[in-house]
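Understanding the architecture of this molecule
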Amino acid sequence: MPRITVTVDGIRYEEEVEPRLLLVHLLRDRLGKTGTPVGCDTGNCGACTVMLDGRSAKSCSVLAVQADECDVVTIEGLGRDGELHPMQEAFRTEHALQCGYCTPGMVMAAIDLLRDDPDPSEEAIRQGLEGNLCRCTGYCNIVRAVRRGAQEMSGEEVRTS
Amino acid sequence: MIPAAFDYIRPASLDEACHVLDDAGEEAKVLAGGQSLLPLLRLRLAYPAALVDLGRLPGLRRVEDRGDHVFIGALTTHDEVLRSPVVRGHVPLVALAAATVADPAVRHRGTFGGSLAHADPAGDLPAVALALDCVFVARSAGGEREIPAAEFFVDYLEPALRPGEVLLGVRVPKLGEGWGFHYEKFHRTAQAWAVVGVAAAVRTVGGSIEEARIGLTNMGPTPVRARAVEAALRGVTPARPNGNGAAGGSRDPLRDACGEAAEGTAPPVDLHARPDYRRHLARVLTYRAVRAAGA
Ligand SMILES: Cc1cc2nc3c(=O)[nH]c(=O)nc-3n(C[C@H](O)[C@H](O)[C@H](O)COP(=O)(O)OP(=O)(O)OC[C@H]3O[C@@H](n4cnc5c(N)ncnc54)[C@H](O)[C@@H]3O)c2cc1C
Ligand code: FES
Ligand code: FES
């Protein structure tokens, strides 16, 4: 079985993995990172979005072996010293979640969006989150949260790891 | 679902990749970004015995300005393609279409070559490759060969690549002065495949169309080069949008010419559209694309 080395939320792991193991299953079932959910079988919903070497990726559409020697940040790796990341805080303040299933992916996609556009317009936010589906909150509060998160983070370097 | 088991091979060089693929024959599949292949494996629609991962091969992930054409390496991601100043400056139609593919996370991993090698007629880049007369460069253990775009898309999900052949990249010709470009994609939601898409390159002189090249997405089992409408567009002087043309009541010759856009196509039926509706879309979207391309 292939042996891989992968850094997840700042900790280095060495794992033996079956080639067919998906990154999301490595995260959830082996490393206990259940903050990253699986929502679909087709790569459409974005619930499983993580940062892979600093850019958003759908962890259900990446093999664990493809992440060998890569740096992965999940929703669980965003907070610092017991404090939520400003984007997580903004989602809470703006009531941008209801069941919360899409939230980890939404937050990761939102942070990725700010790397290119630190002060995104509503239109840019809607475009930037096109790969993430929310089936219950609706998108109004999510867009508002990303605006707020962007303002809170302004001037601050976008932290993805 | 969890994919069926397969072997995983990550060759260190292109030579090694070609040899591994040559030995494995039809049993093995190339893995690039995995954004089409992994969903197929998860749905258990494909059962390759082995995946040969090209993802880390040096040299296939680059964009080069080569004078009369731009070379785009097969492993260049959609995100890299649409940000590349060389692509945007010299072959902007490729960047316009790449920007409509999927969503940012998929574009970070999905590759230019993977989209073309997958030969999905609903993909956005195949129609562009046809419209621009791109040349595909492939390599196998037996050597390198070139395949013109017009011969590359053989059938549904069937490229002209032979078992064991790797797509190295694509030569995209620069069209020179006077050309305008647009990719018009009709889809139901922000992130969705095209119901129909139109890739247009148009050269106008003094308000008249000298030459037009039109590629159609999702209008048949392969992407389509719409020759009939190209012929109909030649020499057409479109009505001015707010002058005495369409908006003014009399006929717009451009709209009449675009009536030929679905000629000779065999569009599919699916949940989203019937063939007659797709033919209608092809005509309307060709008009919009040609207008947006500067006519
Ligand atoms: C949610 C979602 C939405 C999408 N929406 C769109 C869309 O709107 N428009 C669109 O065009 N695409 C869309 N795609 C597909 C996306 O463009 C893929 O990136 C692309 O189709 C495949 O590229 P890849 O690098 O991921 O290839 P892979 O999935 O790795 O491979 C695809 C196929 O090509 C073969 N292959 C790949 N590279 C090579 C090579 N260099 N040589 C030989 N064979 C090769 C593989 O063996 C396989 O058969 C979407 C995908 C997803 C998951
Ligand atoms: S679970 Fe990954 S995109 Fe839906
Ligand atoms: S909060 Fe329930 S799916 Fe988005």
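None of the values given here were measured: they were computed from a predicted structure.

**Points about the sheet that holds strand β1 (residues 7–9) of chain B**
Residue and element names in this part refer to chain B. Reading across from one edge, β1-β3-β2 is the order of the three strands in this open sheet, with parallel pairing throughout. Either end of the sheet is taken by a strand with one partner, and the two such strands are β1 and β2 (28–31). Adjacent strand axes in the sheet meet at a mean angle of 25°, parallel and antiparallel pairs treated alike. Direction of pairing for β2 relative to strand β3 (residues 50–53): parallel, over a ladder of four bridges. Bridging from a neighbouring strand, valine 30 pairs with valine 52 of β3. Helix α1 (residues 14–24) contacts β1, β2 and β3 of the sheet and is inclined by roughly 150° relative to β2.

**Some words on the interface of chain B and chain A**
Of the residues lining the interface, 32 residues belong to chain B; the matching set on chain A comes to 32 residues. Both faces combined, the contact of chain B with chain A buries some 2,500 Å², and carbon together with sulfur accounts for 51% of it. The tally of links between chain B and chain A comes to six salt bridges. A:Glu130 is the partner of B:Arg107 in a salt bridge, and the nearest nitrogen-oxygen pair spans 3.4 Å. The interface formed by chain B and chain A includes 14 residue pairs in polar contact (both at pLDDT 80 or more).

**So, the pattern of salt bridges**
Evaluated as defined, the whole model comprises 36 salt bridges over all chains. The closest approach of N and O atoms between B:Arg61 and B:Glu80, which form a salt bridge, is 2.7 Å. Here B:Glu80 lies in helix α3 (residues 78–83) and B:Arg61 lies in the loop between β3 and β4 (63–65), a separation of 19 residues in the sequence. With relative accessibility at 45%, the residue B:Arg61 sits in the partly exposed group. A relative accessible area of 29% means that B:Glu80 is categorised as partly exposed. Connected through shared salt-bridge partners, A:Arg55, A:Asp112, A:Asp116, B:Asp79 and B:Arg83 make up one network.

**Structural notes on the site of ligand 1**
Residue and element names in this part refer to chain B. In the vicinity of ligand 1 there are 33 residues, among which Val30, Gln35, Ser36, Thr111 and Asp124 approach most closely. Interatomic distance of 2.7 Å between a backbone N/O atom of leucine 37 and an oxygen atom of ligand 1. Contact distances for ligand 1 include 2.6 Å between an oxygen atom and a side-chain N or O atom of threonine 111. Among the secondary structure elements, those contributing two or more residues to the shell around ligand 1 are β2, α7 (112–118) and β10 (166–173). No other element matches the four residues that α7 contributes to the shell around ligand 1.

Definitions and cut-offs
Residues numbered from 1 in each chain as written. Chains lettered and ligands numbered in written order. Predicted model: local features only at pLDDT ≥ 70, side-chain atom pairs only at ≥ 80, totals over all residues. Heavy atoms only, no water. Pairing = 2+ DSSP bridges. Helix = DSSP H or I, 4+ residues; strand = E, 2+ residues; numbered from the N terminus. Axes fitted to C-alpha atoms, helices over the stretch in contact; angles between N-to-C directions. Contact = heavy atoms within 4.5 Å. Buried area = accessible area lost by both parts, 1.4 Å probe. Salt bridge = Lys/Arg side-chain N within 4 Å of Asp/Glu carboxyl O. Polar contact = N/O pair within 3.5 Å; in protein donor to acceptor, adjacent residues only side chain to side chain. Buried < 20%, exposed > 50% of the residue type's maximum accessible area, 1.4 Å probe, protein only. Near = heavy atom within 4 Å.

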